[in-house]
Amino acid sequence: MARSVRSGDVLLLTRAASPQFFRPITVRVIRVLDWIAYDGWLWIDAYQLRPDGMALARRSLYVMPGGAQFVVAPAVVPGRRRSVGRTTVRVGG
């Protein structure tokens, strides 16, 4: 039985999922849209991911789920936080 696409899934989309993915991309599914599609295809709303797992762009994509590869979500490595410089603010006169 084929696995269905759900919110939160991370997919590797290649030409097997759609000819538009000449260069494979990785996406995290936001939701499966209820737009009209041919049998075996579906529309998804997703974030395209960078190699480090951070979102690059939000996209609506037309895919054949049978050609999508489910992948383990990449761990997001938070960047170093910079300290915020504080200044004294005078209130009033």
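If you're wondering where the values come from, they're calculated on a predicted model, not measured in any experiment.

Trainee: Any chance you could break down the pattern of salt bridges for me, citing the residues and the numbers?
Mentor: Under the definition given, this model contains three salt bridges. Here D52 makes a salt bridge to R50, at a shortest N to O gap of 2.7 Å. Note on D52: relative accessible area 33%, which makes it partly exposed. Bridged by salt links that share partners, the residues R31, D45 and R58 form one connected network.

Trainee: So, the nonpolar core: which residues are in play, and what are the values?
Mentor: L11, L13, F21, V27, I44, L61 and V63 are the most contacted members of the largest nonpolar core, which has 14 residues in total. Elements with a contribution of two residues or more to this core: β1 (10–13), β2 (25–33), β3 (42–49) and β4 (55–63). Ignoring any residue separated from it by four or fewer positions in sequence, one finds I44 in contact with V5, L11, V27, V29, R31, V32, L33, R59, S60, L61 and V63.

Trainee: Can you lay out the sheet that holds β1 for me, pointing to particular residues and giving the numbers?
Mentor: Spatially, the five strands line up as an open sheet ordered β4-β3-β2-β1-β5, and their pairing is antiparallel. The sheet terminates laterally at β4 and β5 (69–71), the two strands that pair on one side only. For this sheet the average axis-to-axis angle between neighbouring strands, irrespective of direction, equals 40 degrees. Direction of pairing for β2 relative to β3: antiparallel, over a ladder of six bridges. Looking at β3, one finds that R28 is bridged to Y47.

Trainee: Go over the side chain of T14 with me, naming the residues and quoting the values.
Mentor: On the secondary structure map, T14 appears in the loop between β1 and β2. Since its relative accessible area comes to 16%, T14 is described here as buried. Discounting residues that sit within four places of it in the chain, T14 has contacts with F21, P24, G67 and Q69.

Trainee: Before we move on, can you summarise the environment of R3 with the specific residues and values?
Mentor: Here R3 is to be found in the segment before β1. For R3, a relative accessible area of 47% gives the class partly exposed. Considered as a pair, R3 and P65 are 62 residues apart in the sequence and their alpha carbons are 8.6 Å apart.

Rules used in this analysis
Residues numbered from 1 in each chain as written. Predicted model: local features only at pLDDT ≥ 70, side-chain atom pairs only at ≥ 80, totals over all residues. Heavy atoms only, no water. Salt bridge = Lys/Arg side-chain N within 4 Å of Asp/Glu carboxyl O. Buried < 20%, exposed > 50% of the residue type's maximum accessible area, 1.4 Å probe, protein only. Core = buried A, V, L, I, M, F, W, Y, C linked by side-chain atoms within 4.5 Å. Helix = DSSP H or I, 4+ residues; strand = E, 2+ residues; numbered from the N terminus. Contact = heavy atoms within 4.5 Å. Pairing = 2+ DSSP bridges. Axes fitted to C-alpha atoms, helices over the stretch in contact; angles between N-to-C directions.

Function cannot be inferred from these measures alone, as they are strictly geometric.
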